[in-house]
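If you want the building blocks of each chain, they are given just below.
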Amino acid sequence: MSGFETRTSQQAALAELGRLSLAGAGVQELADFTTHLVAENLGVEHSSVLELSASGEDLLVTAGVGWRDGVVGHFRVSARRESHSGFSLQSRAPVITENLPEETRFVPHPALLEYGVKSGATVIIPGRDRPYGVLAAYAKNVRSFSHDDVLFFTAMANTLGSTIEYVRSQERLQAAETKYRNLVEQVPAVVYIDDVDDLSTVLYISPQIYTLTGYTQAEHMAHPELWIQRLHREDRDRVLKELKVTNDSGDPWRIEYRMVRPDGRVGWVRDEAVLLRDDRGRPMCWQGVLLDVTEERQSEEALRRAYEREREAAERLRSVNEMKNAFLAAVSHEVRTPLSSVLGYAMTLERPGLDEVQRQAARLGRDPKEIRKALAGSRADVIRGDIL
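The structure presented is a predicted model; accordingly, all values stated were derived computationally and were not measured. (Residues numbered from 1 in each chain as written. Predicted model: local features only at pLDDT ≥ 70, side-chain atom pairs only at ≥ 80, totals over all residues. Heavy atoms only, no water.)

Peer 1: What is the right way to read unusual backbone geometry from this model?
Peer 2: Negative phi values dominate among residues other than glycine, just as trans dominates among peptide bonds. Here the phi dihedral of Arg92 falls at roughly 55°; this positive angle occurs in a residue that is not glycine. Mapping Arg92 onto the fold places it in the loop between helix H3 (84-91) and strand S4 (95-97). Judged by its relative accessible area of 62%, Arg92 falls in the exposed class. (Helix = DSSP H or I, 4+ residues; strand = E, 2+ residues; numbered from the N terminus. Buried < 20%, exposed > 50% of the residue type's maximum accessible area, 1.4 Å probe, protein only.)

Peer 1: So what exactly am I meant to see when it comes to the pattern of salt bridges here?
Peer 2: When their charged atoms lie close together, side chains carrying opposite charge are able to pair. Taken as a whole and judged by the stated rule, the model has 24 salt bridges. Measuring nitrogen to oxygen at the nearest pair gives 2.9 Å for the salt bridge that ties Glu256 to Arg297. Within this pair, whereas Glu256 is found in strand S9 (residues 253-260), its partner Arg297 is found in helix H10 (residues 294-349), the two being separated by 41 residues in sequence. Since its relative accessible area comes to 16%, Glu256 is described here as buried. A relative accessible area of 27% places Arg297 in the partly exposed class. One salt bridge connects Glu301 with Arg304, and the closest N-O pair in it is separated by 2.6 Å. One end of the pair, Glu301, and the other, Arg304, are both in helix H10, three residues apart, so they sit about a helical turn from each other. (Salt bridge = Lys/Arg side-chain N within 4 Å of Asp/Glu carboxyl O.)

Peer 1: It is not clear to me how the pairing of strand S1 (residues 46-52) should be interpreted in this structure. Could you clarify?
Peer 2: Look at any regular strand and the pattern is simple: side chains alternate between the two faces of the sheet. S1 sits mainly inside the fold: six of its seven residues count as buried. Bridging between S1 and strand S6 (residues 133-139) involves six bridges; their strand directions are antiparallel. For His46, the partnering residue across the bridge sits in S6 and is Tyr138. Sheet topology places S1 next to strand S2 (residues 58-65); six bridges connect them, and they run antiparallel. The residue bridging Ser48 from the neighbouring strand is Gly64, located in S2. The turn linking S1 back onto S2 is made up of five residues, and Gly56 within it adopts a positive phi angle of 80°. (Pairing = 2+ DSSP bridges.)

Peer 1: What exactly am I supposed to notice about empty space enclosed by the protein here?
Peer 2: A probe matching the size of a water molecule, rolled over the atoms, marks out where space remains unfilled. Taken as a whole and assessed by the stated rule, the structure comprises one cavity of 30 Å³ or more. Together, 19 residues line the largest cavity, and Tyr192, Asp194, Ser200, Trp227 and Asp271 are the ones closest to its centre. Elements represented by at least two residues in the lining of the largest cavity include exactly strand S7 (190-194), strand S8 (202-205), helix H6 (209-213), helix H9 (233-249), S9, strand S10 (266-277) and strand S11 (283-292). A per-class count over the lining of the largest cavity returns twelve nonpolar, five polar and two charged. (1 Å grid on protein atoms, 1.4 Å probe; cavity = no way out; pocket = protein on both sides within 12 Å on 5 of 7 lines; lining within 4 Å. Points joined across faces, edges and corners; volume = space filled by probe spheres on them. Nonpolar A, V, L, I, M, F, W, Y, C, P; charged D, E, K, R; others polar.)

Peer 1: Help me understand the side chain of Thr62 in this model?
Peer 2: Position of Thr62 among the secondary structure elements: in strand S2. If near-sequence neighbours (up to four positions away) are discounted, Thr62 is found in contact with Gln28, Asp32, Val49, Glu51, Val72, Gly73 and Tyr132. (Contact = heavy atoms within 4.5 Å.)

Peer 1: Honestly, the sheet that holds strand S5 (residues 119-125) in this entry has me stumped. Any pointers?
Peer 2: Adjacent strands of a sheet pair through backbone hydrogen bonds, lying either parallel or antiparallel. On the basis of which strands lie adjacent, the open sheet formed by six strands has the order S3-S2-S1-S6-S5-S4 and antiparallel pairing. Only two strands of the sheet have a single partner each, and these edge strands are strand S3 (76-78) and S4. Strand-to-strand twist across the sheet, computed as the mean angle between neighbouring axes with direction ignored, equals 25°. Sheet topology note: the S4/S5 ladder contains three bridges and is antiparallel. The residue of S5 that forms the bridge with Ile96 is Ala121. Where H3 meets the sheet, it contacts S1, S2, S3, S4, S5 and S6, and its direction lies at approximately 45° from that of S5. Sitting on the sheet, helix H5 (residues 147-184) touches S1, S4, S5 and S6, and the angle it makes with S5 is about 35°. (Axes fitted to C-alpha atoms, helices over the stretch in contact; angles between N-to-C directions.)

Structure representation (structure tokens):
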């Protein structure tokens, strides 16, 4: 194979590894594929991916080509400078050996010599916080590795490290999303993420939306205008006006409105959301919750009606009280009139020069008991309507 054909093949191998990672391959599949590509494009009999342990003391062969059964997944080498892979890890650079049995920089592993390995190359597989491990290639003949070989070998290790980190980040993201989804789908509220637009296009909404609106999660996701369509006609203009204001200002959104279910029933919703922004302060999306406040609103309405009834009853009692006061005032006037006359007559009869009979009549008129009798008679007259 010519140099041009070799470089073309190596570039295709790198592209294939990247494509595989984007296709959703797992870490193990990527490692297995890499060892095959390395063995094929470098023309070696053995290749392996060694993962650095959590302690950092050793490296485990997790994938390989040309090894006997029981090596992959079980065989470990030291991560210190005494091993070929450990020496590469510690020196943080590719380590090429063209005559492994005569190597003096590190101690060749007996297993490699048993396989008849004569030449080899190792390079670090990078990771996010520390190296993921080491990529190794071994040949049974004494050979050199060209500059292009080393570049390809290093590029494969870097690509593998990047793809492994990508896969792991996706796994972490998926785990976090699953945890978040499980959390939001258990709370007694609807959690949503909306786009910052005039329709509040749904990017995500929790399944509880069906209980609240009568429409499924899929229906809300598929029909951006469904939310606006199901707003109560008396609330729609008010809500859309507030939506535009908050989209422009970025202020927190808090509003209550009615929504009409498919069966025609009306429910009250409390809608609260905050605007999320990116690192540059640009609006990304609205994240919020929907709460069913129908019972709360019904209770408030029942209290309002009860208060109105109490107020009306109090008004009626006030009117009755005013009528009673007016009636008593009228009765008091009618009672005082004959009583004043009695007292006046009595005082007249007590003047000097009156005979004994007249004086007794005066005393009788001023006697409290007699006055009460007169008062009682006058009240009876009032009640009967005899007083004109």
